[in-house]
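Chain by chain, the residues run as shown.
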Amino acid sequence: MTTVVRVPEELSARVPAEQRGPGRERDDVRLLVSRGTRVAHHTFRELPLLLRAGDLLVVNTSPTLAAAVDGRIGTAPVVVHFSTRGDDGRWAVEPREPDGRGTTRARAGTRAGTEVTLAGGVRLVLEEPVSGGGERLWWARVEGGPVPELLRGHGRPIRYSYTTRDQPLSAYQTLFALPSPDGAGSAEMPSAGRPFTARVVAELVRRGVGFARITLHTGVASAEAHEPPYPEWFSVPEASARLINAVAAGEGRVVAVGTTAVRAVESAAGADGVVRAAEGWTDLVVTPERGARVVDGLLTGLHEPEASHLLMLRAVAGRAAVDRAYEEALRGLYLWHEFGDVHLLLREETPH
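Residues numbered from 1 in each chain as written. Predicted model: local features only at pLDDT ≥ 70, side-chain atom pairs only at ≥ 80, totals over all residues. Heavy atoms only, no water.

**Q** I'd like to hear about the environment of Arg-152, residue by residue, with values.
**A** Here Arg-152 is to be found in helix α2 (residues 147-154). Note: C-alpha distance between Arg-152 and Ala-108 (44 residues apart in sequence) is 28 Å. (Helix = DSSP H or I, 4+ residues; strand = E, 2+ residues; numbered from the N terminus.)

**Q** I'd like a description of the nonpolar core, backed by residues and values.
**A** Core analysis: the biggest nonpolar cluster contains 43 residues, and Val-58, Val-236, Ile-244, Val-265, Val-275 and Trp-336 have the highest contact counts within it. Those elements that place two or more of their residues in this core are β3 (56-60), β11 (210-216), β12 (232-236), α4 (238-249), β13 (254-257), α5 (259-267), α6 (307-317) and α7 (319-331). Ranked by the residues each element gives to this core, the list is headed by α6, at 6 residues. Setting aside residues no more than four positions away along its own chain, Trp-336 makes contact with Val-7, Leu-11, Ser-12, Ala-13, Leu-302, His-303, Glu-304, Tyr-326, Ala-329 and Leu-330. In this structure, Val-69, Phe-82, Ala-140 and Val-220 belong to the second largest nonpolar core, which totals 26 residues. (Core = buried A, V, L, I, M, F, W, Y, C linked by side-chain atoms within 4.5 Å. Buried < 20%, exposed > 50% of the residue type's maximum accessible area, 1.4 Å probe, protein only. Contact = heavy atoms within 4.5 Å.)

**Q** Account for the packing of aromatic side chains, naming residues and giving values.
**A** Applying the stated criterion across every chain yields a total of 7 aromatic pairs. Between Phe-82 and Trp-91, the ring centres sit 5.8 Å apart and the planes meet at 80°, which makes this aromatic pair edge-to-face. Of the two residues, Phe-82 and Trp-91, both sit in the buried class. Here the aromatic residues Phe-44, Phe-176, Phe-196 and Phe-211 are joined through ring pairs into a cluster of three or more. Here Arg-30 stacks its cationic end above the ring of Tyr-334, 3.8 Å away from the centre of that ring. (Phe/Tyr/Trp six-rings, centres within 6.5 Å; stacked < 30°, edge-to-face > 60°. Lys NZ or Arg CZ within 6 Å of the ring centre and 35° of its normal.)

Just geometry here; none of it tells us what the structure is for.
What follows is the structure, encoded as C-alpha cells:
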C-alpha cells in the first residue's frame, strides 16, 4: 500500500525554482518539516533555524551526467539513458522511444544482441538484462569510443515528461557536486541537495551545523514501473565516517541529504551502528524491518511514491509520520519531483 496513489499533474514542478519568477533562486522552495506526526510549513532558507549546533548534514558529491543520447536501432530512433558503469567496462543502459514532445517513453521488444548506433561512431551491443526480472535496463558492450567523451559531446540531462523544456546540465548539478576522475557520476541528479545555495550553507556553518561528504552514483529511475533500486557504486571516506560516528555518539543528529546519502551511510554501517570507511557496490534497500542504524533525519524531495523510497522514509521516521506528511503536502499544494519542494523528516524526540 502506498501513501499517495497519484500526484495531481498540476503539482509537478515543471521548471527549476529560479525560473519561476524574477529574482528567484534555488533556495526559493518550500520546506515541509515532520517531527513524528507533527507537521510544520517553512521555506528552505529557514533550514539553519530548524537544525541545531552539533547536527551533521551528509551530502552526496556525485555529479550529474548528461546521460541521455540520441541513437538508432536499425532505422528506428531511440534515446539511450546511460545508467551505471560496471566494473567490467560495460554500461547499464535503458533504450527508450522519443515521444514526440522532447521526452521519452518506455520501449518494448528490446532483445539480447540488439545493436544501437550513436553519434561519433559509438556503437552499443545489448548483451543481457541487468535484472533477471525485467528487460528495461541492459548491460551493453560499448564500441568506438569512451562513454564519458560521448556524453560530454553528445549527451543531455535525462528529462521526464512532467517538465516543460530541456535544461542545461548546470541546472541538474548540486552545490556539492565534485567531478570524478574517471568521468563517473549520477544518471539522475541527487536532487535533495539542489536547493542548497552558498548563503544557506554559510548560515548553517555559522550556526554550528557540520557537513560530511559521501558519494553515491545514482542510476536511472524506473519512471513507469517504480522498480526497487539495483546496485549502485558508493564511497564513504574515512574522514566522513569519523565525523558521523562522533555526532552519533554525542547529542547531535545525523541528517542525510537525500535517499542516496541514506543508502551510502547505512551501507557502510555495521550491525553495531558504527560507520566504517567503505566503497564499492551496494544493493541495500533500507526498510522498516531493517531499520535506519545511523541516520536520525532525512531531507528529501517529494516524488511519485515508489516502494523503495517510501520504505526508506518509514525506516527513518515511521509510517504514521510519512502518511501524515504526504497528506499535508497534497493539501498544501507542495510541488513534486526534482525541481520541486523538499521535506525534512526528523525522528520524534522523547523528553529525557
